[in-house]
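Residue-level structure breakdown
Listed below are the residues making up each chain.
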Amino acid sequence: MDAAEVKDLIDEAHEHEHRKRGHDDGEGGLKVSTAVYISMLAAVLAIVSVAGSNAGKDMMASAIEASDSFAYYQAKTQRQISLRLAADELELLSAGMPAEAQARALKKSAEYRVNADKMEADDGKNSRKDLLAKAKAAEAKRDHAATQDPYFDFAEGLLQLAIVLASVFAITNMGFILWVSRVLAVVGLALAVDGFTLVYPLPFL
């Protein structure tokens, strides 16, 4: 349900209220309060819709970031292993070399090991340590957004139903429908608040 549809429902409720006001002033006041109620639900629905959209975007962006960081981490790991294997190989081969060649081989082997060690924890330069931390942080953000998303989805659906039922009440004047709308609105609002805070995780969401 978009803003235009909500506006149409409110306008319809107002029109019906104006037609009935001449017959029953008390009922007209109830219709006005219903229109205000629908407007409040529409405002809450807009907030929940934005929150749900942001949660979905955060979930996707964080998943991509985690995947990229892990891929870079694996590439760094492979490069590190290659350098250390090359260093081991040079050290083994240098055993039968002349002294000058052996010195050059050992020097190169030492350079390989230094470069391999830098890849492990070279702060501020995308070291394996930094990349792993970045990937795990992105995973945590992704999981948090994924946990929030269904709360906002259900809250949005319940609030939409509450708006529709309140609009039906404005036309039919059936009190039961208004009470059902209020119950759905309360549950939807509770789910929305829980989606923001995650204070009471629900096992079925």
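Since the structure is predicted, the reported quantities are computational estimates derived from the model, not experimental observations. (Residues numbered from 1 in each chain as written. Predicted model: local features only at pLDDT ≥ 70, side-chain atom pairs only at ≥ 80, totals over all residues. Heavy atoms only, no water.)

**Some words on the nonpolar core**
Counting residues in hydrophobic clusters, the biggest one holds 24 residues, and the most contacted among them are Y37, L41, V48, A162 and I163. Within the residue set of this core, elements represented by two or more residues are α2 (25-93), α4 (128-172) and α5 (175-197). At 9 residues, the largest contribution of residues to this core is made by α4. With residues up to four places along the chain from it excluded, the contact list for V48 reads F152, A155, E156, L159 and A192. (Core = buried A, V, L, I, M, F, W, Y, C linked by side-chain atoms within 4.5 Å. Buried < 20%, exposed > 50% of the residue type's maximum accessible area, 1.4 Å probe, protein only. Helix = DSSP H or I, 4+ residues; strand = E, 2+ residues; numbered from the N terminus. Contact = heavy atoms within 4.5 Å.)

**Focus on the confidence of the model for the protein chain**
Residues with a pLDDT of 70 or more make up 84% of the protein chain, whose mean pLDDT is 86. Confidence scores differ between elements of the protein chain, with helix α1 (residues 3-21) showing the lowest mean pLDDT of 57 and α5 the highest of 94. (pLDDT = per-residue confidence, 0-100.)

**Notes on the packing of aromatic side chains**
The geometry of an aromatic ring pair is captured by two quantities: the separation of the ring centres and the angle between the planes. Enumeration according to the criterion identifies 1 aromatic pair in this entry. Note that R182 overlies the ring of W179, its terminal NZ or CZ placed 4.9 Å from the centroid. (Phe/Tyr/Trp six-rings, centres within 6.5 Å; stacked < 30°, edge-to-face > 60°. Lys NZ or Arg CZ within 6 Å of the ring centre and 35° of its normal.)

**A few points about α4**
In an α-helix, one full turn covers 3.6 residues, which means residues spaced three or four apart are oriented alike. Taking 1.5 Å of rise per residue, 45 residues should cover 66 Å, and α4 covers 66 Å from first to last C-alpha, within 8% of that figure. Count one or two residues on from α4 and you reach N173, which has phi positive near 65 degrees. (Expected span 1.5 Å × (residues − 1).)

**Some thoughts on the packing of α4 against α5**
Where α4 meets α5, the closest approach of the two axes is 7 Å, and the angle between their N-to-C directions is 160 degrees. By the criterion of interaxial angle, the relationship of α4 to α5 is roughly antiparallel. Two packed elements cross with a definite hand, and for α4 against α5 that hand is left-handed. Per-class residue counts for the contact of α4 with α5 are 22 nonpolar, 6 polar and 1 charged. (Axes fitted to C-alpha atoms, helices over the stretch in contact; angles between N-to-C directions. Parallel < 35°, antiparallel > 145°, perpendicular 65-115°, else oblique. Left-handed = near helix turned anticlockwise from the far one by under 90°. Nonpolar A, V, L, I, M, F, W, Y, C, P; charged D, E, K, R; others polar.)

**Focus: the pattern of salt bridges**
Taken as a whole and judged by the stated rule, the model has 6 salt bridges. Across the pair R84 and D117 runs a salt bridge whose closest N-O atoms are separated by 3.1 Å. Pair noted here: R84 is in helix α2 and D117 is in helix α3 (residues 99-121), with a separation of 33 residues, a long-range link. Among the salt bridges present, the one from R113 reaches D88, with a minimum N-O distance of 2.2 Å. Residue R113 is located in helix α3, and its partner D88 is located in helix α2; the two are separated by 25 residues in the primary sequence. Take R113: its relative accessible area is 28%, and that puts it in the partly exposed class. It is possible to trace a salt-bridge network through shared partners that takes in D88, E91 and R113. (Salt bridge = Lys/Arg side-chain N within 4 Å of Asp/Glu carboxyl O.)

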